[in-house]
Amino acid sequence: HMVMPSGPTEMRGGRGRGVVGGGRDPSNPAVDTMDFIEIATAGNATDFGNLSDGGRDYPSGCGSSTRGVFFGGSEPGFRNIIDFVIMSSSGGANDFGDMLIAPLTNFALSNATRGISAGGLTAPAPSYTTNNSIEFITIASAGDATNFGDLSEVNSYAATCASPTRGIFNQGSTPTYKKTIEYITIATGGNATRFGESSKAGAGAPMGASSTTRGVFAGGQFDNPYPQTDIIDFITIATEGNAQDFGDLTAATSHGSGLSNSIRGCFAGGSSPNKTNVIEFVTIASTGNASDFGDLTVARDRLGQGA
C-alpha cells in the first residue's frame, strides 16, 4: 500500500499524478501491483508497474514532483526496504536504500525535499510491538534513512498530510485507537508536538490528503468491534487546533490510500468492509461529501498512507 504523492502542488510540479501500490487483494495475498491516476481528471487507474521486491503489505508512501518513495511493509517478514519510482514513467519501482527499522503499518509524508516515515509495528502477532521513531530521507538522493526524532507516543495505522513546512500525523493506534493529531517541522529534525484532536472518535487507518494549507482526513476504523466510519474532517495546517467536520465518504471505509494535489484529495481502495477498488474525491478548499472518481485496477485494502 503506497501512496504518492499527497500534499502541495510544488511536490509534483503541478502534474498531479498519484501512485498507489501494494496491499492485499480479495484472495488476501500481499500484491506488488502499482496503479496511477491523474488527480485532476476523474477516471479509472492505470497500471504503473510493480514494487521492486515482490508483494508488500502495509508499506507507506510519499513523493516529490519527480519521485515517489515507498517505506517498509511485510510479506514475507517485516521489511526495511525503501523503493522509489519516477513519477512521470510507468516503469515500476527500484531500490532506494534501507530504513533504520523494519516496520509494518508505518506512515509517511513529504515536502519537495524530504520524505519522512514514522511509527509502525516492529514485531508481529502476538506481541504487536509498536514504535515511536521518525526517520527521513532526501528524496532526490538514493541512500539509507537517518534518524529524525520521535513521536510523542508509539503509534501505527495513522494518516498523514503535509504542507511545504509541516508534517501532520492524525489518529492511529497505540494500540488503542486514538484521536490525537501531532506535527513536525519537516526541514528540521526533532520530536513531534501536539496539534489537536480529530472530530471523530479514536480511530485507526484513516486516509489523509492535503493542499499547501489544509489537511483532510477521511474514514478510519474504530475500536472493537472495529466498524469503519465515513466521516471526513479537516485542519488548517499552519494553525494548531482540533479538526472540524468536512463531509462524508460515499461509504464507510478504512485501510485505503490518500492522494492529493493542491486542489483535490482522492481516497483509493480500502475495506468497506470488504476490499474495494473504489476511488473517490473531494475539493480540499471547500467542504462537502466525496464523489466518485473511478476504480483501481485491483480491489485491495491495507494500502499505505502517503502525503
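Visitor: Run through the overall build of the protein chain, naming residues and quoting values.
Guide: Secondary structure assignment for the protein chain yields 0 helices and 26 strands. Overall, the C-alpha framework of the protein chain stretches about 40 × 40 × 40 Å when taken along its three principal axes. Every one of the 307 residues in the protein chain was classed for burial, and the buried ones make up 60%. A total of about 10100 Å² of accessible surface is found on the protein chain, and carbon and sulfur atoms cover 47% of it. Mean positive and mean negative side-chain charge positions of the protein chain (18 and 28 charges, respectively) differ by 3 Å.

Visitor: Just give me the short version of the nonpolar core, but keep the residues and values in it.
Guide: The biggest cluster of nonpolar side chains holds 14 residues, and the ones touching the most others in it are Ile116, Ile134, Leu151, Phe169 and Ile184. Elements with a contribution of two residues or more to this core: β9 (107-110), β10 (114-118) and β11 (133-138). Residue contacts for Ile116: discarding those within four places in its chain leaves Cys62, Phe71, Phe107, Ala108, Leu109, Ile134, Glu135, Phe136, Phe148, Phe169, Ile184 and Ile186.

Visitor: For the environment of Ser210, give the residues involved together with the corresponding values.
Guide: Relative to the elements of secondary structure, Ser210 occurs in strand β18 (residues 207-210). Note on Ser210: relative accessible area 0%, which makes it buried. Distance from Ser210 to Ala192, taken between C-alpha atoms, is 19 Å for residues 18 residues apart in sequence. Only 3.0 Å separates the side chain of Ser210 from the backbone oxygen of Ala162, close enough to count as a polar contact.

Visitor: Can you explain the packing of aromatic side chains? Please cite residues and give values.
Guide: Two numbers describe a pair of aromatic rings. These are the distance of the centres and the angle of the planes. Applying the stated criterion to the full structure yields 9 aromatic pairs. With a centroid separation of 5.6 Å and an interplanar angle of 85 degrees, the aromatic rings of Tyr58 and Tyr157 are classed as edge-to-face. Taken together, the residues span a long stretch of sequence, with Tyr58 in the loop between β4 (46-50) and β5 (60-63) and Tyr157 in the loop between β12 (146-150) and β13 (159-162) at a distance of 99 residues. With relative accessibility at 7%, the residue Tyr58 sits in the buried group. Relative to Phe195, the ring of Tyr183 has its centre 6.2 Å away and its plane inclined at 80 degrees; by these criteria the two rings are edge-to-face.

Visitor: An account of the sheet that holds β10 is needed here, citing residue identities and associated values.
Guide: The sheet built from 4 strands is open, its strands ordered β9-β10-β11-β12 with antiparallel pairing. Among the strands making up the open sheet, the edge pair consists of β9 and β12. Ignoring which end each strand starts from, the neighbouring axes of this sheet average 25 degrees apart.

What counts, and where the lines are drawn
- Residues numbered from 1 in each chain as written.
- Predicted model: local features only at pLDDT ≥ 70, side-chain atom pairs only at ≥ 80, totals over all residues.
- Heavy atoms only, no water.
- Helix = DSSP H or I, 4+ residues; strand = E, 2+ residues; numbered from the N terminus.
- Buried < 20%, exposed > 50% of the residue type's maximum accessible area, 1.4 Å probe, protein only.
- Areas by Shrake-Rupley, 256 points an atom, 1.4 Å probe, with all protein chains shown as cover.
- Lys, Arg positive; Asp, Glu negative; His and termini not counted.
- Charge placed at Lys NZ, Arg CZ, Asp CG, Glu CD.
- Core = buried A, V, L, I, M, F, W, Y, C linked by side-chain atoms within 4.5 Å.
- Contact = heavy atoms within 4.5 Å.
- Polar contact = N/O pair within 3.5 Å; in protein donor to acceptor, adjacent residues only side chain to side chain.
- Phe/Tyr/Trp six-rings, centres within 6.5 Å; stacked < 30°, edge-to-face > 60°.
- Pairing = 2+ DSSP bridges.
- Axes fitted to C-alpha atoms, helices over the stretch in contact; angles between N-to-C directions.

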